[in-house]
Amino acid sequence: MKTLFTLLLTFSLGIACNATQAQVCSAASTSLNFGTYNPQSSSNLDNTATVTVTCQATLSLLMIYTVKLSAGSSGSYSQRKMLSGANTLNYQVYGESTHTTIWGDGTSSTGYISDGYLLQVLTPVVKSYTAYGRAPGSQNVKAGSYTDTLTILVTY
């Protein structure tokens, strides 16, 4: 089983792989940008990003992989936090549009993507997954540029 690590939110990417293995998978993502947050509004800010997994080999049969996300700078899946200096803004990333299952690593009641394909010959297999972000309304936060970085873990 091979593990690749990538960085996310801004959902950026760095890959580590073993060249001696015939199958190579990588991940890329778009930014998850919530826009301008109004602390006086009780409305949630929702947006999406896309995580794309690409697997390449001369020939592969019955390829299974998982796509997991880290907790980010907060270190906790119960409430991810974006930072602006010492200030924090709570947010969460979900694996589905109903915002019920937190996209994580399978611990702390989180879920993750488990997928695969039957056959691949010469051409890469590319699959995309939507990350559903939500920043809850009514947070008493100071003005600033809030960011967080998550790690994407692709295991195959």
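Residues numbered from 1 in each chain as written. Predicted model: local features only at pLDDT ≥ 70, side-chain atom pairs only at ≥ 80, totals over all residues. Heavy atoms only, no water.

(A) Region of the structure containing the side chain of histidine 99. Relative to the assigned elements, histidine 99 resides in the loop between strand E6 (87-94) and strand E7 (113-121). In terms of polar contacts, histidine 99 uses its side chain to reach the backbone carbonyl oxygen of serine 97, at 3.0 Å. Setting aside residues up to four positions removed in sequence, histidine 99 forms contacts with Asp46, Tyr94, Tyr132, Gly133 and Arg134. (Helix = DSSP H or I, 4+ residues; strand = E, 2+ residues; numbered from the N terminus. Polar contact = N/O pair within 3.5 Å; in protein donor to acceptor, adjacent residues only side chain to side chain. Contact = heavy atoms within 4.5 Å.)

(B) Structural context of the pattern of salt bridges. In the structure shown here, the tally under the stated rule is two salt bridges. Note that aspartate 46 and arginine 134 form a salt bridge whose closest N and O atoms lie 2.7 Å from each other. With aspartate 46 in strand E3 (residues 45-56) and arginine 134 in strand E8 (residues 125-135), the pair connects residues that are 88 residues apart, well separated along the chain. (Salt bridge = Lys/Arg side-chain N within 4 Å of Asp/Glu carboxyl O.)

(C) Geometry of the pairing of E6. Pairing of strand E5 (residues 80-84) with E6, which is carried by five bridges, proceeds in the antiparallel orientation. Pairing of methionine 82 across the sheet is with leucine 89, part of E6. The loop that links E5 with its antiparallel partner E6 comprises two residues; one of these, glycine 85, has a positive phi angle of about 65°. Examined bridge by bridge, E6 and E8 share three bridges and lie antiparallel to one another. Across the sheet, residue tyrosine 94 finds its bridge partner in E8, namely tyrosine 132. (Pairing = 2+ DSSP bridges.)

(D) Looking closely at the packing of aromatic side chains. As enumerated under the stated definition, the model contains one aromatic pair in all. A cation sits over an aromatic face here: lysine 68 above tyrosine 112, 4.6 Å from the ring centre. (Phe/Tyr/Trp six-rings, centres within 6.5 Å; stacked < 30°, edge-to-face > 60°. Lys NZ or Arg CZ within 6 Å of the ring centre and 35° of its normal.)

(E) Focus on the sheet that holds E5. A sheet is described by the order of its strands in space; here five strands give the open sequence E2-E3-E8-E6-E5, paired in antiparallel fashion. The two strands at the open ends of the sheet, each matched to only one other strand, are strand E2 (24-29) and E5. The mean inter-strand angle of the sheet, taken between neighbouring strand axes irrespective of direction, is 30°. (Axes fitted to C-alpha atoms, helices over the stretch in contact; angles between N-to-C directions.)

(F) Representation of the nonpolar core in the model. Ranked by internal contacts, the top residues of the largest apolar core, which has 30 residues, are Val67, Val93 and Trp103. Those elements giving two or more residues to this core turn out to be E2, E3, strand E4 (59-69), E6, E7, E8 and strand E9 (150-155). (Core = buried A, V, L, I, M, F, W, Y, C linked by side-chain atoms within 4.5 Å. Buried < 20%, exposed > 50% of the residue type's maximum accessible area, 1.4 Å probe, protein only.)

(G) Representation of a nonpolar patch on the surface in the model. Together, Leu59, Leu61, Leu62, Ile64, Leu118, Leu119, Val121 and Leu122 make up an exposed nonpolar region whose accessible area comes to about 880 Å². For the nonpolar patch, the secondary structure elements donating two or more residues are E4 and E7. A total of four residues in the nonpolar patch trace back to one element, the largest contributor, which is E4. Of note, leucine 122 is situated in the loop between E7 and E8. (Patch = residues over 30% accessible without salt bridge, like charges linked within 9 Å, V, L, I, M, F, W, Y side chains within 5 Å. Areas by Shrake-Rupley, 256 points an atom, 1.4 Å probe, with all protein chains shown as cover.)

Everything listed here is a matter of coordinates, which is why it stays silent on function.
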